[in-house]
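Descriptive structure summary
So the chains spell out like this:
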Amino acid sequence: MSLADLGLDQWRSFELPTARRVAQEAAHQVDGQVTAMEAVEHLGAPLHRVRIERGGQEFALIPGGEVTLGFDLDAWQPTPEQAADYAESLDQGFGYGPDLRAHLAQVLSPRRSVTLATVLMAVEDEPLTEPPADMPAVLAARGLRMPSSDEWEHACGAGADTLFRWGNDCPLDDIPYENRTGPHQQRSGFGLRIAHDTYRMELTSDITSVRGGDGGESACGGYGFMLAWLPLATANRNPFTAEFVYGPGGEDLCEDFTTRPVLTL
């Protein structure tokens, strides 16, 4: 079996010696070395986290296979506090629908099943050094590429079907930028530092989405607490932010955007 065909369910079934062998094989394929391996509790079961260093940059092993992405709005109900907070935002002229569910339908990716290859993805995102259209060539010169939008979402959620990678709730008494101890400060299931700062906007190969943040728009604009946290939602595509980023307004702001390089196995 090719490492690229390794599925998340299969990865979860491995005992430590097998997982360690697979990690070493992945490192060998990219001329890197395993720098860390640990088992964490994730979604009620152990999950092996692997970090591989290559060229001075750390990557996490992201098992793929057939995975479910997007957020199932039909199976979700906002808490009374979330609904009330959104209603306050709506009164201030913010929001894309008459209630929180309608707003989420505008900004979240739909529930779907996709098949992804196993890849190595950078633990930390990095600033763009050229305009978005030129970044594929810049990364290719380093043997890297931009992630697809589906790859980013899977790497963030690591199989979780909740609104955020840590659950359906978020603090409603402050905004992410001011909260230094909240759940967004924790690593993702795969060990990535991801969806933790709404001021960061991660670009993928999909020009219709911006992942992980909105450039601080919601925080600076006083949108309300729920709307300030939503840019960190796993399935949030930030489509209206993407229109700005890839439009005339974003042409000279490439230094304000980041991407999360991928090593193909």
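Throughout what follows, the structure given in this document is the object of discussion. (Residues numbered from 1 in each chain as written. Predicted model: local features only at pLDDT ≥ 70, side-chain atom pairs only at ≥ 80, totals over all residues. Heavy atoms only, no water.)

Observations concerning the overall build of the chain
When helices and strands are tallied, the chain shows 9 helices and 10 strands. What you see for the chain is a C-alpha radius of gyration of 18 Å, in line with the 18 Å of a compact globule of 265 residues. Judged by the C-alpha coordinates and their principal axes, the chain covers about 55 × 45 × 30 Å. A buried classification covers 51% of the 265 residues belonging to the chain. Taking contacts inside the chain between residues at least 6 apart in sequence as the whole, the part at least 24 apart equals 73%. Entry remark: accessible area of the chain is about 11,800 Å², with carbon and sulfur atoms responsible for 49%. (Helix = DSSP H or I, 4+ residues; strand = E, 2+ residues; numbered from the N terminus. Rg over C-alpha atoms; globule rule 2.2 N^0.38 Å. Buried < 20%, exposed > 50% of the residue type's maximum accessible area, 1.4 Å probe, protein only. Contact = heavy atoms within 4.5 Å. Areas by Shrake-Rupley, 256 points an atom, 1.4 Å probe, with all protein chains shown as cover.)

What about the layout of surface pockets?
Picture a little ball the size of a water molecule; that probe, rolled over the atoms, points out where space is still empty. Of the volumes computed, that of the largest pocket is approximately 300 Å³. Forming the boundary of the largest pocket are 18 residues, of which Y96, H103, D214, Y223 and N238 lie nearest the centre. Those elements giving two or more residues to the lining of the largest pocket turn out to be α4 (100-107), α7 (217-220) and α9 (239-245). Ranked by residue count, the leading element in the lining of the largest pocket is α9, at 4 residues. Its residues placed into classes, the lining of the largest pocket shows 10 nonpolar, 6 polar and 2 charged. (1 Å grid on protein atoms, 1.4 Å probe; cavity = no way out; pocket = protein on both sides within 12 Å on 5 of 7 lines; lining within 4 Å. Points joined across faces, edges and corners; volume = space filled by probe spheres on them. Nonpolar A, V, L, I, M, F, W, Y, C, P; charged D, E, K, R; others polar.)

Considering the sheet that holds strand β6 (residues 119-122)
The antiparallel open sheet is built from 5 strands, whose spatial order is β1-β2-β3-β6-β10. The sheet is open, and its two edges are formed by β1 (33-42) and β10 (262-264), each paired on a single side. On average, adjacent strands in this sheet sit at an angle of 30° to one another, irrespective of strand direction. (Pairing = 2+ DSSP bridges. Axes fitted to C-alpha atoms, helices over the stretch in contact; angles between N-to-C directions.)

Observations concerning helix α6 (residues 149-157)
An α-helix turns once per 3.6 residues; consequently, residues spaced three or four apart project the same way. The buried fraction of α6 is high, at 8 of 9 residues. The set of residues buried in α6 consists of S149, E151, W152, E153, H154, A155, C156 and G157. In the segment just after α6, A158 is the residue with positive phi, at about 50°.

Some thoughts on a negative patch on the surface
Taken together, E251, D252, E255 and D256 make up a surface patch of like negative charges. Mapping D256 onto the fold places it in the loop between α9 and β9 (258-259). (Patch = residues over 30% accessible without salt bridge, like charges linked within 9 Å, V, L, I, M, F, W, Y side chains within 5 Å. Salt bridge = Lys/Arg side-chain N within 4 Å of Asp/Glu carboxyl O. Lys, Arg positive; Asp, Glu negative; His and termini not counted. Charge placed at Lys NZ, Arg CZ, Asp CG, Glu CD.)

A few points about α4
Listing the buried residues of α4 in full gives L100, H103, L104 and V107. In a view along the axis of α4, the buried residues occupy a sector of 95°, so they form one face of it. Where α4 is buried, its residues contact α3 (80-91), α8 (225-229) and α9. Near the N-terminus of α4, the side chain that reaches the backbone nitrogen of R101, with its oxygen 3.3 Å away, is that of D99. (Arc of directions from axis to C-beta. Polar contact = N/O pair within 3.5 Å; in protein donor to acceptor, adjacent residues only side chain to side chain.)

Thoughts on the packing of aromatic side chains
Within this structure, the stated rule accounts for 7 aromatic pairs. Ring pairing ties together the aromatic residues F164, W166 and W229, which thus form one cluster. Positioned over the ring face of Y177 is R180, at 5.0 Å from the centre of the ring. (Phe/Tyr/Trp six-rings, centres within 6.5 Å; stacked < 30°, edge-to-face > 60°. Lys NZ or Arg CZ within 6 Å of the ring centre and 35° of its normal.)

Some points on the side chain of S149
By the secondary structure assignment, S149 is in helix α6. Side-chain polar atoms of S149 contact the side chain of R211, separated by 2.8 Å. In contact with S149, not counting residues within four places along its chain, are T204, S205, D206, S209 and R211.

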